[in-house]
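Fold and geometry: a report
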Amino acid sequence: MDKIGYKPDKSRHIRKPHPGCIFALGTLILPSIIHEKGEWSAMKIAIVGCGGLGTVHADCYSAIPGVAVTGVCDLDADAARKLAERTGARAFASFEEMLAQTECDAVSVTLPSHLHKTFAVKAAMAGKHVICEKPIALNLEDAAEMIRVCREQGVRLFVGHVVRFFPEYVQMKRKVEEGAIGRPGVAHAKRFGSHPGLKRPWFKDDACSGGAVVDLMVHDIDFMRWTLGEVQTVYGLRAREGDVDYNSATLLFESGAVANLEAYWGYAGPFTTYAEIAGSKGIIVSDGTRSRSLQIRKSSPGEAGGPFVEVPQSPGYRSPFLNELAHFIDCIRSGEEPIVTAHDAYKALEIALAITESARTGQAVMLQAGAGEGSR
Amino acid sequence: MNKLKVGMISFAHGHAFSYLNALLELPQVEVVGIADEDFSRVEAVVNRHNLPYFEDYNDLLRLTGLDAVVICSENARHAQMTIDAAHAGKHVICEKPLGISVTEMEQMIAACRDNGVQLMTAFPCRYLAAVVHAKQAVERGEIGRILAIKGTNRGTMPGRWFVDPALSGGGALLDHTVHVMDLMNWFTGSKVTEVYAYAATLFHEGLQVDDAGMIHVKFENGVFGVLDTSWSRSKSFPTWGDVTMEIIGTKGSITVDGFAQKNDLYSDDIGKGQHLFWGDSMDLKMIESFVNALLEGAPAPVSGIDGLRSAEVALAGYESVRLGRPVKL
């Protein structure tokens, strides 16, 4: 696989089948089977939910060799049509029709979070692997059901905790693991951005998005659990007014380490992340405001609202989303465990919900040691 | 010019050196003596500035014409020294934390009040230029109403008496809650009603006090605050620590990074990068403000009550750590 060049070549994947799958097509039932000569069969993906992340998924798939998006589905016919044009896939209004007609191997579920379970379960029941955006679901019962149904149906379930594919976080985790900072002690992480509900109102409804903890902080929850281990106790605080949803949570880990996480929707600045872990012999910091390797500044006329426009960026050759989705595809092909499992996604949700509960009750919430799916 | 005559009691806390420099810089101040039972601690400054030295601070307090004292002793000795100074009729500026128990802090405040002297808690962070401007921006309503404040006051493990609970009264949670908690009290104009804290010894094995702390407070007006108080800055870190606040309002936010005004020095002689602060001295501004208030007969700009309101939060924090749940104040 081309590891360097990020140059989507749609014709290679969509209009012509991948060379490795030509001989396999006739006998294809579940096309994620390895061809007998060791080459990969083309993998067909259907996408349900043609909003922002549906588009991100589609663009990433077009850059992965041997993968084709064959169907896109959205209740909003216009959104489905636009993504169909972008991908060359067929547009559907009915998910069932898409499952029946696209011969897809896997389904990307990029819907509002409260719909994840319904569509993931339908896809699994139809024998399709599921690649679902985070959070896995909005409650543990739904998350457990998704995991159970996928297991019973013999399909894989992947959840897009993409922070595990951001190089700065991967490096931080590796350095901590190598002992570069000694024993981890106190950590911080933050994730600040404008309120997504201004453009997509479902984000403003906790019943659909889970709020900024379940939707946004869940990234850092998963990262910290990945890096610092299991969480014992959480304490959450939430300030919500108008277009501001500011959340602070302190996680106490079984190791004794402690982390304070902030998730802030309604921040009046460019999207910002920060993570830091201080240990007994050192500190590692990833400050998003200091890794803007590219700043484009343009003088702008008065109507743009100011004398200049400044766009900070941190470009890479391969986006973390592309690395994540390519990894999930590899896992489907190889049968290997992914870097982030459905169980990890379940645990991240469990912690996020405990934080939400703590913010509501004002009490610290203890997590059950070793609790897994279905144990609650 | 009517000069204010100031004496200093104890250099146990290193801030005393900075406060002395501030006093020496102010033309309206005359430093009349230094008291410290450990002469070696003050020998250099006593000789350099040719200052009268007292082994027993009570001898300093008996000096005629002495107006005020600066107390920088071990935390556990603040109360006795402050009360003695009050009885001698001297105004006091006392290093933070004001005391190590609510009862003794109340006694300090009462003694000063009863003897008609001012008691100021040394909270220099109120005099960081960025903090002063942030306060003004909040007062102008630039970020609407405050909803929450996230702060950090990280530092380096100070060693010495700071890690002896009998002299310090606590570890990082006490040492580093008080500065930013005072700022939170000041900015919100409200009172802490509930505290939830975590404290542990995570960075320095075998320490008798906590060196890691995360404290959470709820204010009467609904605002909440979170503060990292840890002595978590490693030897390899380019500076001693920080004072930061992120103030989240209904119409925006303000980020204060009190010591961001720095140059980065990379010197082979030192072997690690260093942050060199070049901003205005908060200690000078604080001492000047104390001195001028006394000369004008005005109340101390930061009171003993302010010191109590901040330290009692840290003390409640320890109670919360012991119980493992939030405690009411």
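Residues numbered from 1 in each chain as written. Chains lettered and ligands numbered in written order. Predicted model: local features only at pLDDT ≥ 70, side-chain atom pairs only at ≥ 80, totals over all residues.

The next point concerns the overall build of chain A. Within chain A one finds 11 helices and 15 strands. Relative to all contacts within chain A whose residues are 6 or more apart in sequence, the contacts with residues 24 or more apart total 68%. (Helix = DSSP H or I, 4+ residues; strand = E, 2+ residues; numbered from the N terminus. Contact = placed C-beta atoms within 7 Å.)

All names here are of chain B. Pairing within the open sheet is mixed, and its seven strands lie in the order 12-11-7-10-9-8-15. The two strands at the open ends of the sheet, each matched to only one other strand, are strand 12 (252-257) and strand 15 (327-328). In terms of strand pairing, strand 11 (residues 244-249) meets strand 12 through six bridges, oriented antiparallel. Residue pairing across strands places Ile248 opposite Ser253, the latter belonging to strand 12. Across the sheet, helix 6 (residues 129-139) touches strand 7 (146-152), strand 11 and strand 12, and the angle it forms with strand 12 is around 165°. Of the strands in this sheet, strand 8 (192-200), strand 9 (212-219) and strand 15 are in contact with helix 10 (residues 304-323), which crosses strand 8 at around 60°. (Pairing = 2+ DSSP bridges. Axes fitted to C-alpha atoms, helices over the stretch in contact; angles between N-to-C directions.)

Along the chain, Gly141 of chain B falls in the loop between helix 6 and strand 7. As for Gly141 of chain B and Ala111 of chain B, which are separated by 30 residues in sequence, their C-alpha atoms are 38 Å apart.

Right, let's talk about the domain arrangement of chain B for a bit. Residue and element names in this part refer to chain B. Domain assignment breaks chain B into domain 1 (4-123 + 283-302) and domain 2 (126-282 + 312-328). The centre of domain 1, based on its C-alpha atoms, is set 24 Å off from the matching centre of domain 2. Taken together, the contact between domain 1 and domain 2 spans 15 residues of the former and 18 residues of the latter. Across the side of domain 1 that touches domain 2, the residue classes tally to nine nonpolar, two polar and four charged. (Domains from an automatic or database assignment. Nonpolar A, V, L, I, M, F, W, Y, C, P; charged D, E, K, R; others polar.)

It is common to give the size of an interface as the accessible area lost on bringing the parts into contact. Residue and element names in this part refer to chain A. On domain assignment, one finds that chain A holds domain 1 (10-162) and domain 2 (164-318 + 337-366). Across the contact, 18 residues belong to domain 1 and 25 residues belong to domain 2. Sorting the residues of the side of domain 1 that touches domain 2 by element identifies helix 6 (140-153) and strand 6 (157-160) as the ones contributing at least two each. It is helix 6 that provides the largest number of residues to the side of domain 1 that touches domain 2, a total of four residues. Looking at the side of domain 1 that touches domain 2, its residues break down into 13 nonpolar, four polar and one charged.

Residue and element names in this part refer to chain B. A sheet is described by the order of its strands in space; here six strands give the open sequence 3-2-1-4-5-6, paired in parallel fashion. Of all strands in the sheet, those with a lone pairing partner are strand 3 (53-54) and strand 6 (119-122), marking the two edges. Examined bridge by bridge, strand 1 (residues 4-9) and strand 2 (residues 29-35) share six bridges and lie parallel to one another. For Lys5, the partnering residue across the bridge sits in strand 2 and is Glu30. Set on the sheet, helix 9 (residues 282-296) makes contact with strand 1, strand 2, strand 4 (68-71), strand 5 (91-95) and strand 6; between it and strand 1 the angle comes to about 130°.

All right, on to the packing of helix 5 (residues 102-114) of chain B against helix 10 of chain B then. Residues and elements named next belong to chain B. Running from N to C, helix 5 and helix 10 cross one another at 180°; their axes reach a closest spacing of 10 Å. The orientation of helix 5 relative to helix 10 falls into the category roughly antiparallel. Residue-level inspection shows Val102, Met105, Met108, Ile109 and Cys112 of helix 5 in contact with helix 10, the latter providing Gly304, Ile305, Gly307, Leu308, Ala311, Glu312 and Leu315. Here the contact of helix 5 with helix 10 is composed, by residue class, of nine nonpolar, two polar and one charged. (Parallel < 35°, antiparallel > 145°, perpendicular 65-115°, else oblique.)

For the rest of this paragraph, the subject is the interface of chain A and chain B. On the chain B side, the residues contacting the 29 residues of chain A number 26 residues. Looking at the side of chain A that touches chain B, the elements with two or more residues in it are strand 7 (184-193), strand 8 (231-241), strand 9 (244-253), strand 10 (258-265) and strand 12 (282-287) of chain A. Broken down by element, the side of chain A that touches chain B gets its largest block of residues, five residues, from strand 9 of chain A. Among the residues making up the side of chain A that touches chain B, the classes are represented as 15 nonpolar, 11 polar and three charged.

Residue and element names in this part refer to chain A. Along helix 7 (residues 167-177), the residues classified as buried are Tyr169, Met172, Lys173 and Val176. Angularly, the buried residues of helix 7 cover 95° about the axis, an arc narrow enough to put them on a single face. Among the exposed residues of helix 7, those pointing more than 90 degrees away from its buried face are Gln171 and Arg174. For helix 7, the secondary structure elements touched by its buried residues are strand 7, helix 9 (211-228), strand 11 (272-279) and strand 12. (Buried ≥ 20, exposed ≤ 12 C-beta atoms within 10 Å, placed from the backbone. Arc of directions from axis to C-beta.)

All right, on to the pairing of strand 5 of chain B then. Successive side chains on a regular strand alternate, one facing one side of the sheet and the next facing the other. All names here are of chain B. Among the five residues in strand 5, five count as buried, and that is most of the element. Side chains of strand 5 alternate between two faces, with His91, Ile93 and Glu95 and Val92 and Cys94 buried alike. Where strand 4 and strand 5 come together, four bridges link them in parallel fashion. In the sheet register, Ala68 faces strand 5, and the bridge partner there is His91. In this view, the connection linking strand 4 to its parallel neighbour strand 5 by way of helix 4 (residues 78-87) has right-handed handedness. Bridge count between strand 5 and strand 6: four bridges; the pairing is parallel. Its bridge partner being in strand 6, Val92 is matched across the sheet by Leu119. Handedness of the crossover joining strand 5 and strand 6 through helix 5: right-handed. (Right-handed = clockwise from strand over helix to strand, strands pointing away.)

All names here are of chain A. Inspection of the secondary structure puts Pro320 in helix 10 (residues 320-334). The spacing of Pro320 and Lys117 is 203 residues in sequence and 24 Å in space, taken between C-alpha atoms. Those residues in contact with Pro320 that sit more than four places away from it in its chain are Val162, Phe165 and Phe166.

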